Amino acid sequence: MQRPATTSRDTGAKADYHRGAARSGDGAEGTGMGEVGLSGKAIIGALKEARIEFIVALPDATMSEHVLWPLSRDDDFKLVRVCKEDEGVSICAGLTSCGRRAALLMQYTGLLDSINAIRIIAVELAQPICMLVGLLAKEPGVPVVHSKIYSVRIVEPILGALGIDHFCMEEAADVAMLPSAIERAYARSLPLAALVGHRVSP
Amino acid sequence: MRRDECLKIIAKHRGDAVAVAVYNAAFDWRRVSQSPLNYYSVGAMGQGSSHALGIALAMPDHKVIVLDGDGSLLMNLGSLVTVAAAAPPNYYHFVCENGDYEANGSHPIPGQGVLSFAGHARAAGYPHTFEFDALEKFEAEIGAILALKGPVFVTLKIVPGEKSPHDFEYINSRATHRQFTAAVADLASRSTTAGR
């Protein structure tokens with residue numbers, strides 16, 4: 001699996017942001033809809049609006065600095081760090097079964113690795129497992145299915161085959177859809193995958 | 001020790017604990033301790049300990065008992081680390097170790113007779129670990145074990161006992177799962193009322 005190194009908590013958000021933006025090929029620079037379009041504060045606000053209490057996570061480069069680190073310091077959330085993503089699917093299921101709302105943050109490779117758990121737990125047992133899935137290295141502004149990267153390109157067809165409600169967040173307007181998408185998942189007791197289309201800014 | 005005999009001993013001390021059971025332990029458990037507070041984890045092997053962690057975090061005032069299998073836990077050894085790090089005090093993890101894949105031709109698990117599940121749990125950070133191969137000793141200590149502050153890990157060296165019906169349709173059904181969800185909601189509401 002592709003496992004990017006996570007940044008140090010002491011590195012500082014701004015410094016890490018610039019390092020990410022200066023990298024070629026995986027950032028959003030020069031597209032006109034890049035990192036400024038996905039705000040970590042907005043994503044966290046959306047999770048709060050959707051009354052998410054528990055964050056279950058494995059670090060993912062798109063969300064690491066401006067979503068997961070701030071979440072880890074936010075008293076409104078309880079964070080469970082997992083060793084592998086399918087654990088996270090099951091932990092979310094346990095929480096959800098007891099009436100507690102949770103979101104699973106992971107990289108798309110973790111989603112691919114967790115397909116069997118998602119299949120039985122989220123789909124066949126119809127549980128509202130809400131996943132935020134970072135699409136590392138997806139070209140900003142390019143539809144997921146048109147990515148040059150095979151492993152990114154197959155994510156939406158796989159979600160479609162599983163019948164999982166999903167959408168890709170590239171801009172602020174997409175993030176604004178997140179609370180209602182989570183509410184819908186809980187109302188219908190069905191899973192949700194919110195794809196994170198590029199590296200998140202503060 | 002026979003698995004069903006071990007589970008009968010746990011059932012006697014269960015109280016209103018939630019029980020998360022997997023595969024053959026789940027079928028035996030359904031026979032010896034029927035309850036809407038039974039949560040079955042079948043279909044994604046290895047996930048029982050993780051489901052139970054979610055439940056334990058959601059219901060900190062109730063004991064959560066995991067009835068795991070050795071082949072199952074081998075598929076999710078990382079969960080030992082995750083559970084130990086989360087350190088839920090209400091989490092009691094029993095692993096039925098028979099050393100083979102009983103449902104699939106009894107092939108040996110890797111490391112059969114060599115690996116120590118309790119050793120793995122201890123190294124992962126579980127503060128209390130036990131291993132039993134004698135029913136009388138297990139019966140004598142189970143009460144004290146379930147009184148400990150978790151997470152607690154117990155290896156039960158077992159052989160299959162009386163064969164239980166394998167009702168996958170019941171265990172894998174949405175209805176069974178919703179029955180659990182309703183029972184938990186009822187338990188939570190009774191706890192809230194009692195606390196007033």
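Every value quoted in this text rests on a predicted model; they were computed, and no experiment measured them.

*Asks:* Would you explain helix 6 (residues 115–124) of chain A in this entry?
*Replies:* Count 3.6 residues to each turn of an α-helix, and residues three or four apart come out pointing the same way. Restricting attention to buried positions, one finds in helix 6 of chain A the residues A117(A), I118(A), I120(A), I121(A) and A122(A). Remark: A126(A) follows helix 6 of chain A within two positions and exhibits a positive phi of approximately 50°.

*Asks:* Explain the sheet that holds strand 4 (residues 130–134) of chain A to me, please; I cannot follow it from the model alone.
*Replies:* Hydrogen bonds between backbone groups are what pair the strands of a sheet, and the pairing can be parallel or antiparallel. Residue and element names in this part refer to chain A. The strand order across the open sheet built from six strands is 2-1-3-4-6-5, with neighbouring strands paired in parallel fashion. Looking at strand neighbours, the two that pair on one side only are strand 2 (78–81) and strand 5 (165–169), the edges of this open sheet. Each strand axis lies, on average, 20° off the axis of its neighbour in the sheet, ignoring direction. Pairing geometry for strand 4 and strand 6 (residues 192–196), over five bridges, is parallel. Looking at strand 6, one finds that C130 is bridged to L192.

*Asks:* In this structure, what is going on with the interface of chain A and chain B? I would like to understand it.
*Replies:* Buried accessible area, meaning the area lost when the parts come together, often serves as the stated size of an interface. At the junction of the two partners, chain A supplies 24 residues and chain B supplies 25 residues. The element best represented in the side of chain A that touches chain B is helix 4 (residues 85–97) of chain A, accounting for nine residues.

*Asks:* Is there a simple way to explain the sheet that holds strand 4 (residues 91–97) of chain B in this structure?
*Replies:* Residues and elements named next belong to chain B. A sheet is described by the order of its strands in space; here six strands give the open sequence 2-1-3-4-8-7, paired in parallel fashion. Sheet topology places strand 2 (38–40) and strand 7 (128–132) at the edges, where each strand pairs with a single neighbour. Recorded for the sheet is a direction-independent mean angle of 15° between the axes of neighbouring strands. With respect to the sheet, helix 6 (residues 117–124) is in contact with strand 4, strand 7 and strand 8 (152–157), its orientation differing from that of strand 7 by roughly 175°.

*Asks:* Mind showing me how you'd approach the nonpolar core here?
*Replies:* In summary, soluble globular proteins display a tendency toward joint burial of nonpolar side chains. Counting 121 residues, the largest nonpolar core has L104(A), V64(B) and L67(B) as the members making the most contacts within it. Setting aside residues up to four positions removed in sequence, L67(B) forms contacts with L7(B), A19(B), V20(B), A21(B), V22(B), A25(B), W29(B), F94(B) and C96(B).

*Asks:* How should the environment of R51(A) be read in this particular structure?
*Replies:* All names here are of chain A. Relative to the helices and strands, R51 resides in the loop between helix 2 (40–49) and strand 1 (54–57). Residue R51 is classed as partly exposed on the basis of its 13 C-beta neighbours within 10 Å. On a C-alpha basis, the gap between R51 and L125 in space is 22 Å, while along the polypeptide they are 74 residues apart.

*Asks:* How do you make sense of the pairing of strand 3 (residues 64–69) of chain B when you look at a structure like this?
*Replies:* Working note: regular strand, side chains alternate between the two faces of the sheet. Residues and elements named next belong to chain B. Among the six residues in strand 3, six count as buried, and that is most of the element. Of the two faces of strand 3, the one lined by V64, V66 and D68 and the one lined by I65, L67 and G69 are each fully buried. Relative to strand 3, strand 1 (residues 18–21) runs parallel, the two sharing four bridges. The residue of strand 3 that forms the bridge with A19 is I65.

*Asks:* What's the story with the packing of helix 4 of chain A against helix 6 of chain A in this structure? I'm lost.
*Replies:* For any two helices packed against each other, the geometry comes down to the angle between their axes and how far apart the axes lie. All names here are of chain A. Where helix 4 meets helix 6, the axes come as close as 9 Å, and the angle between the chain directions of the two elements is 10°. Considering their axes alone, helix 4 and helix 6 lie roughly parallel with respect to each other. Contacts from D86, V89, S90 and A93 in helix 4 reach A117, I118, I121 and A122 in helix 6. Residues belonging to the contact of helix 4 with helix 6 are distributed by class as follows: six nonpolar, one polar and one charged.

*Asks:* Just to check I follow, could you spell out the environment of A121(B) for this structure?
*Replies:* All names here are of chain B. Secondary-structure assignment places A121 in helix 6. Taking the C-alpha atoms as reference points, A121 and A84, 37 residues apart in sequence, are found 8.1 Å from one another. The contacts of A121, once residues within four sequence positions are left out, are L80, Y126, T129 and F153.

So, how was this worked out
Residues numbered from 1 in each chain as written. Chains lettered and ligands numbered in written order. Predicted model: local features only at pLDDT ≥ 70, side-chain atom pairs only at ≥ 80, totals over all residues. Buried ≥ 20, exposed ≤ 12 C-beta atoms within 10 Å, placed from the backbone. Helix = DSSP H or I, 4+ residues; strand = E, 2+ residues; numbered from the N terminus. Pairing = 2+ DSSP bridges. Axes fitted to C-alpha atoms, helices over the stretch in contact; angles between N-to-C directions. Contact = placed C-beta atoms within 7 Å. Core = buried A, V, L, I, M, F, W, Y, C linked by C-beta atoms within 7 Å. Parallel < 35°, antiparallel > 145°, perpendicular 65-115°, else oblique. Nonpolar A, V, L, I, M, F, W, Y, C, P; charged D, E, K, R; others polar.

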